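Chains, contacts and geometry: an overview
The lines below spell out each chain.
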Amino acid sequence: MTIKVIIAGPRGKMGREAIQMVENTAHFELVACLDRKNSGKTMDKNIPVYEDPDKCFSEVKADVLVDVTTPEVGFKHTEAALRHGIRPVVGTSGFTPEQISTLSELAASKNIGCIIAPNFAVGAVLLMQFAKMAAKYFPDVEIIEKHHDQKLDAPSGTAMKTLELIKETRTAKTQGHPNEKETLPGARGGESEGVRIHSVRLPGLVAHEEVLFGGNGQLLTIKHDSMNRQSFMEGIKLCIDEVMDMDKLVYGLENLLNLNN
Ligand code: NAP
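The rules we used
Residues numbered from 1 in each chain as written. Predicted model: local features only at pLDDT ≥ 70, side-chain atom pairs only at ≥ 80, totals over all residues. Heavy atoms only, no water. Near = heavy atom within 4 Å. Polar contact = N/O pair within 3.5 Å; in protein donor to acceptor, adjacent residues only side chain to side chain. Areas by Shrake-Rupley, 256 points an atom, 1.4 Å probe, with all protein chains shown as cover. 1 Å grid on protein atoms, 1.4 Å probe; cavity = no way out; pocket = protein on both sides within 12 Å on 5 of 7 lines; lining within 4 Å. Sits in = over half its atoms within 2 Å of the grid points. Nonpolar A, V, L, I, M, F, W, Y, C, P; charged D, E, K, R; others polar. Phe/Tyr/Trp six-rings, centres within 6.5 Å; stacked < 30°, edge-to-face > 60°. Helix = DSSP H or I, 4+ residues; strand = E, 2+ residues; numbered from the N terminus. Buried < 20%, exposed > 50% of the residue type's maximum accessible area, 1.4 Å probe, protein only. Expected span 1.5 Å × (residues − 1). Contact = heavy atoms within 4.5 Å. Points joined across faces, edges and corners; volume = space filled by probe spheres on them.

**Structural notes on the site of the ligand**
- The local shell around the ligand holds 22 residues, among which R11, M14, R36, S93 and F120 are the closest.
- Contact distances for the ligand include 3.4 Å between an oxygen atom and a backbone N or O atom of T69.
- Take A117: an N or O atom from its main chain is 2.9 Å from a nitrogen atom of the ligand.
- When the ligand sits alone it has 930 Å² of accessible area, and the protein chains cover 80% of it.
- If you map the ligand onto the pockets, it falls in the largest pocket.
- Residues belonging to the shell around the ligand are distributed by class as follows: eight nonpolar, eight polar and six charged.

Right, here's the structure in full:
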């Protein structure tokens, strides 16, 4: 069966890579793009471009929306796609827990799949799982995430997801010295239940994360680097296939991987 795909954010770094991946996958077909300009124009191979998601989703027969845009607009696209019975695969990071729960309810009410994945790189998903395992034994932990300087949200969706998973096994505690004082505000990073997250933004970086666990006389570091955006495409491909057989929202690529065998 051919899966008909709409891509939102086609001029972006992820969008351009996703278009190539869809075009190079025999059982996927690119049927339209959602952009914030060029409405009414067509791309190569006569692919129509829309600015209005409702118009796009009602005029084009599609199975899946891949959204790689910005948090504000990505939420609107995802919500509109679900209303139109199109299954979203969302790479856009920065959705709030409230937005995810709104989309979850909408997907359930429509009985269709939706995947929101803060990170489509399998290695990053494994890093998060390993961090969750380690946090049970190493409750002193800090996360350093590094991204290119055009990234809009901080901390990254992956760092927030890592934090969420760490909290599932870590015993909550305050870290560092009780009398610790920042002489430069923000020097100790963001904080949640004692865990610190540091966001680095520099040109030249793509997407990198390190989770550092400290213990008595030992340090455990778990690290993942995405060198380019191709690292995310296998995950998007898997999600496009899987979302077709799902009837609810799933948050996180780890839920689609068989991690127990
Ligand atoms: P990017 O290069 O800035 O691309 C974003 C694109 O969205 C831009 O082309 C932007 O248009 C477009 N856009 C803005 N408003 C829009 C609208 N109303 N309709 C359609 N498109 C619109 O960023 P990127 O690096 O590709 O990343 C895109 C998103 O994916 C970000 O949220 C990023 O954090 C996320 N991401 C996720 C993963 C993952 O594995 N889940 C990996 C990497 C990135 P303009 O060019 O006109 O501004």
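Having seen the model, we can carry on.
**A closer look at the packing of aromatic side chains**
- Under the criterion given, the structure shown has two aromatic pairs.
- Their ring planes at 55° and their centres at 6.2 Å tell us that F138 and F213 sit as a pair that is tilted. Of this pair, F138 sits in the loop between helix 5 (122-135) and strand 7 (140-147) while F213 sits in strand 10 (residues 207-215), and the two are 75 residues apart along the sequence. No difference in accessibility class separates F138 from F213, as the two residues are buried.

**Section: helix 5**
- Compared with an ideal rise of 1.5 Å per residue, which puts 14 residues at 20 Å, helix 5 spans 20 Å between its outermost C-alpha atoms and is within 8% of the ideal.
- Every buried residue of helix 5 is accounted for by A124, V125, L127, M128, Q129, A131, A134 and A135.
- Buried residues along helix 5 sit in contact with helix 6 (157-169), strand 10 and strand 11 (218-226).

**What to know about empty space enclosed by the protein**
- Taken as a whole, this structure holds one cavity of 30 Å³ or more when the rule is applied.
- What the largest cavity holds in volume is close to 80 Å³.
- In terms of lining residues, the largest cavity is bounded by N119, A124, L127, E145, H147, S156, T158, A207, H208, E209, H224 and S226.
- Of all the secondary structure elements, the ones that give two or more residues to the lining of the largest cavity are helix 5, strand 7, strand 10 and strand 11.
- Residue contributions to the lining of the largest cavity peak at three residues, all from strand 10.

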